[in-house]
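Chain by chain, the residues:
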Amino acid sequence: MRIYPHFLQGTVLISLSLLLVGCITDDPHRSAQKIASESGLISEKFDTDPFPIVTWQRITPPVHSLRVYIEGDGFAWKSRTTPSDNPTPRNPTGLKLAAADKQANVFYLARPCQFIGPPLPAACRVNVWTQDRFSPAVIDAMNEVLSQMVLRYPGVMIDLVGYSGGGNIAALLAERRDDVRSLRTVAGNLDVAYVNALHHVTPMPAARSAIDRAAALRDLPQIHYSGDADTTVPPAVARRFQQAVGGKCVRTEVVSGMGHGSDWAAVWPRLLAQGMPDC
């Protein structure tokens, strides 16, 4: 296993290779706003302790259910050895999935410090989007935003969707909450240690990994989509998670021709139309 300098401990190739591909723009903030506005999504920033988190939402009362999207790891690395100074994604696949969703009530969460600045606030240190991106503090902050949002709509039920590293966070939130009725992931990094080992990079000691909590999701309807051309988070990751969950509520599907950074939004309406597993 290759050992990187101390400040690189815990990196995974997902932050190095595909987060640099796709729709690269000179101004990712403007590009994201265009994607959002064209689908009626309105921006709102939530301040958590300690991270600011940007969201977009499209709400049409009454709100009985809310589909919640969680973004991937973003532009975490400029190169294999140089962390980015701002994790805002150049290809915001999670946002594109939310924009492609025609459901009346959609809520999108960026990851901590994405779409913020410049300048970034003091709490947005490079470790937040590199070795600590799945740390308890990050998971708690994402959960706090979601809790603040659902307080506006008593009794609302949540359908979680996570892309890439956002899939790991979505599954971890599903395990800890009692208002989640379904889970979908797209190219989800649901087994952090396995993906690290697959790409021969160092472990992430502070990371929380969905596969470690998989058995608690046994009774939750869920589908995990993978691309057959995805070499970053290959279909084996979803299959490992399915096995760890067990039971009949979990299904995996391999989508032909799709890589990690492919245009998942183009096929998303079709995938959403599929029914969830019967539990």
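Being a predicted model, the structure only gives us computed values, none of them experimental.

(A) Spatial organisation of the state of the cysteines. Applying the stated criterion across every chain yields a total of two disulfides. For Cys 113, the disulfide goes to Cys 124, at an S-S distance of 2.1 Å. Torsion about the S-S bond of the Cys 113 and Cys 124 cystine: about -90°, corresponding to left-handed handedness. With Cys 113 in the loop between strand S4 (106-109) and helix H3 (136-150) and Cys 124 in the loop between S4 and H3, the pair connects residues that are 11 residues apart, well separated along the chain. Using a relative accessible area of 8% as the deciding quantity, one classes Cys 124 as buried. Between Cys 249 and Cys 279 runs a disulfide, and the two sulfur atoms are separated by 2.1 Å. Of this pair, Cys 249 sits in the loop between helix H6 (235-245) and strand S8 (250-255) while Cys 279 is found in the segment after helix H7 (264-272), placing the two residues 30 residues apart along the sequence. For Cys 279, a relative accessible area of 47% puts it in the partly exposed group. What links to what in the protein chain: the bonded cysteines, counted in sequence order, pair as 1-2, 3-4.

(B) Here's a closer look at the packing of H3 against helix H4 (residues 165-176). For the pair H3 and H4, interaxial distance at closest approach is 10 Å and the crossing angle is 65°. With respect to H4, the element H3 is oriented roughly perpendicular. Crossing of H3 over H4 shows right-handed handedness. Taken together, the residues of H4 that come into contact with H3 (itself represented by Val 138, Ile 139, Asp 140, Met 142, Asn 143 and Leu 146) are Ile 169, Leu 172, Leu 173 and Arg 176. Its residues assigned to classes, the contact of H3 with H4 comprises seven nonpolar, one polar and two charged.

(C) Main features of the packing of aromatic side chains. Inspection of every chain in the model, using the stated rule, returns five aromatic pairs. Ring geometry for Trp 56 against Tyr 108: centres 5.9 Å apart, planes inclined by 45°, an arrangement best described as tilted. Within this pair, whereas Trp 56 is found in strand S2 (residues 52-58), its partner Tyr 108 is found in strand S4, the two being separated by 52 residues in sequence. Judged by relative accessible area, Trp 56 falls into the buried class, the value being 3%. Look at Tyr 108 and you get buried, because its relative accessible area is 0%.

Rules used throughout
Residues numbered from 1 in each chain as written. Predicted model: local features only at pLDDT ≥ 70, side-chain atom pairs only at ≥ 80, totals over all residues. Heavy atoms only, no water. Disulfide = S-S within 2.5 Å. Helix = DSSP H or I, 4+ residues; strand = E, 2+ residues; numbered from the N terminus. Buried < 20%, exposed > 50% of the residue type's maximum accessible area, 1.4 Å probe, protein only. Axes fitted to C-alpha atoms, helices over the stretch in contact; angles between N-to-C directions. Parallel < 35°, antiparallel > 145°, perpendicular 65-115°, else oblique. Left-handed = near helix turned anticlockwise from the far one by under 90°. Contact = heavy atoms within 4.5 Å. Nonpolar A, V, L, I, M, F, W, Y, C, P; charged D, E, K, R; others polar. Phe/Tyr/Trp six-rings, centres within 6.5 Å; stacked < 30°, edge-to-face > 60°.

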